[in-house]
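Now for the letters of each chain:
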Amino acid sequence: QVQLVESGGGSVKAGDSLRLSCAASGRTFSTVTMGWFRQAPGKEREFVAVISWGSKVTYYADSVKGRFTISRDNAKNMLYLQMSSLRPEDTGVYYCAADPDSDWRQWADYASWGQGTQVTVSS
């Protein structure tokens, strides 16, 4: 299993940018699909982005498409989420996740989770 630790969250203003990082430990990181999810207060955890093990395939939630970019560095066991043009509705706890079972859009399908990092966007 992959162990995950997120970092890079913070409080920013609308329109700002932020880059989240997810450090992974475990020999299997380079072979598994990785995803980012977020959870706003009082709401369910929702899919943000996913990237295949070799970075050839990425998908994004419609709400972040064109503003967020997911990437990974398998040599460093790192996953990233570059967030631009941030909006107040992007506020929430962001989680990285590893190795989905069947449906990469469903958080419950992932085998490993980080503890999350808070992103707060003020207007």
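Residues numbered from 1 in each chain as written. Predicted model: local features only at pLDDT ≥ 70, side-chain atom pairs only at ≥ 80, totals over all residues. Heavy atoms only, no water.

### Overview of the side chain of threonine 117
Reasoning step 1: Summarising the element assignment, threonine 117 is placed in strand S11 (residues 117–122).
Reasoning step 2: A relative accessible area of 10% means that threonine 117 is categorised as buried.
Reasoning step 3: A polar side-chain atom of threonine 117 sits 3.1 Å from the main-chain amide nitrogen of glycine 9.
Reasoning step 4: Ignoring anything within four residues of it in the chain, the contact list for threonine 117 reads Glu6, Ser7, Gly8, Gly9, Leu20, Gly92, Val93 and Tyr94. (Helix = DSSP H or I, 4+ residues; strand = E, 2+ residues; numbered from the N terminus. Buried < 20%, exposed > 50% of the residue type's maximum accessible area, 1.4 Å probe, protein only. Polar contact = N/O pair within 3.5 Å; in protein donor to acceptor, adjacent residues only side chain to side chain. Contact = heavy atoms within 4.5 Å.)

### Describing the sheet that holds strand S3 (residues 18–25)
Backbone hydrogen bonds hold the strands of a sheet together, and the pairing may be parallel or antiparallel.
Reasoning step 1: Taken in spatial order, the 4 strands make up an open sheet running S1-S3-S8-S7, and their pairing is antiparallel. Where the open sheet ends on each side, the last strands, each with one partner, are strand S1 (3–7) and strand S7 (68–73). If you compare each strand with its neighbour and ignore which way they point, the axes differ by 15° on average.
Reasoning step 2: Pairing analysis gives 5 bridges linking S1 to S3, with the strands arranged antiparallel. Residue glutamate 6 lies in a different strand from S3, and its bridge partner there is cysteine 22. (Pairing = 2+ DSSP bridges. Axes fitted to C-alpha atoms, helices over the stretch in contact; angles between N-to-C directions.)

### Comments concerning the nonpolar core
Reasoning step 1: In terms of nonpolar packing, the biggest core is built from 33 residues, with Trp36, Leu79, Leu81, Met83 and Tyr94 touching the most fellow members.
Reasoning step 2: When residues of this core are traced back to their parent elements, those giving at least two are S3, strand S4 (34–39), strand S5 (46–51), S7, strand S8 (78–83), strand S9 (92–100) and S11.
Reasoning step 3: A total of 5 residues in this core trace back to one element, the largest contributor, which is S5. (Core = buried A, V, L, I, M, F, W, Y, C linked by side-chain atoms within 4.5 Å.)

### Structural notes on the side chain of serine 21
Reasoning step 1: When you line up the elements, serine 21 lands in strand S3.
Reasoning step 2: A relative accessible area of 12% places serine 21 in the buried class.
Reasoning step 3: With sequence-adjacent residues up to four places away left out, serine 21 is seen in contact with Val5, Glu6, Ser7, Trp36, Met78, Leu79 and Tyr80.

### Quick notes on the packing of aromatic side chains
Reasoning step 1: The full count for this structure, using the stated rule, is 8 aromatic pairs.
Reasoning step 2: On the basis of an interplanar angle of 80° and a centroid distance of 5.2 Å, the ring pair of phenylalanine 37 and tyrosine 110 is categorised as edge-to-face. Of this pair, phenylalanine 37 sits in strand S4 while tyrosine 110 sits in strand S10 (residues 110–113), placing them 73 residues apart in sequence. Residues phenylalanine 37 and tyrosine 110 agree in their burial class; the two are buried.
Reasoning step 3: Arranged with centres 4.9 Å apart and planes meeting at 10°, the rings of tyrosine 59 and tryptophan 104 form a pair that is stacked. Note that tyrosine 59 is positioned in strand S6 (residues 58–60) and tryptophan 104 in the loop between S9 and S10, a separation of 45 residues in sequence.
Reasoning step 4: With a relative accessible area of 44%, tyrosine 59 lands in the partly exposed category.
Reasoning step 5: Residue classification places tryptophan 104 among the partly exposed positions, given a relative accessible area of 26%.
Reasoning step 6: Put simply, the rings of Phe37, Phe47, Tyr59, Tyr95, Trp104, Trp107, Tyr110 and Trp113 touch in pairs and so form one group of aromatic residues. (Phe/Tyr/Trp six-rings, centres within 6.5 Å; stacked < 30°, edge-to-face > 60°.)

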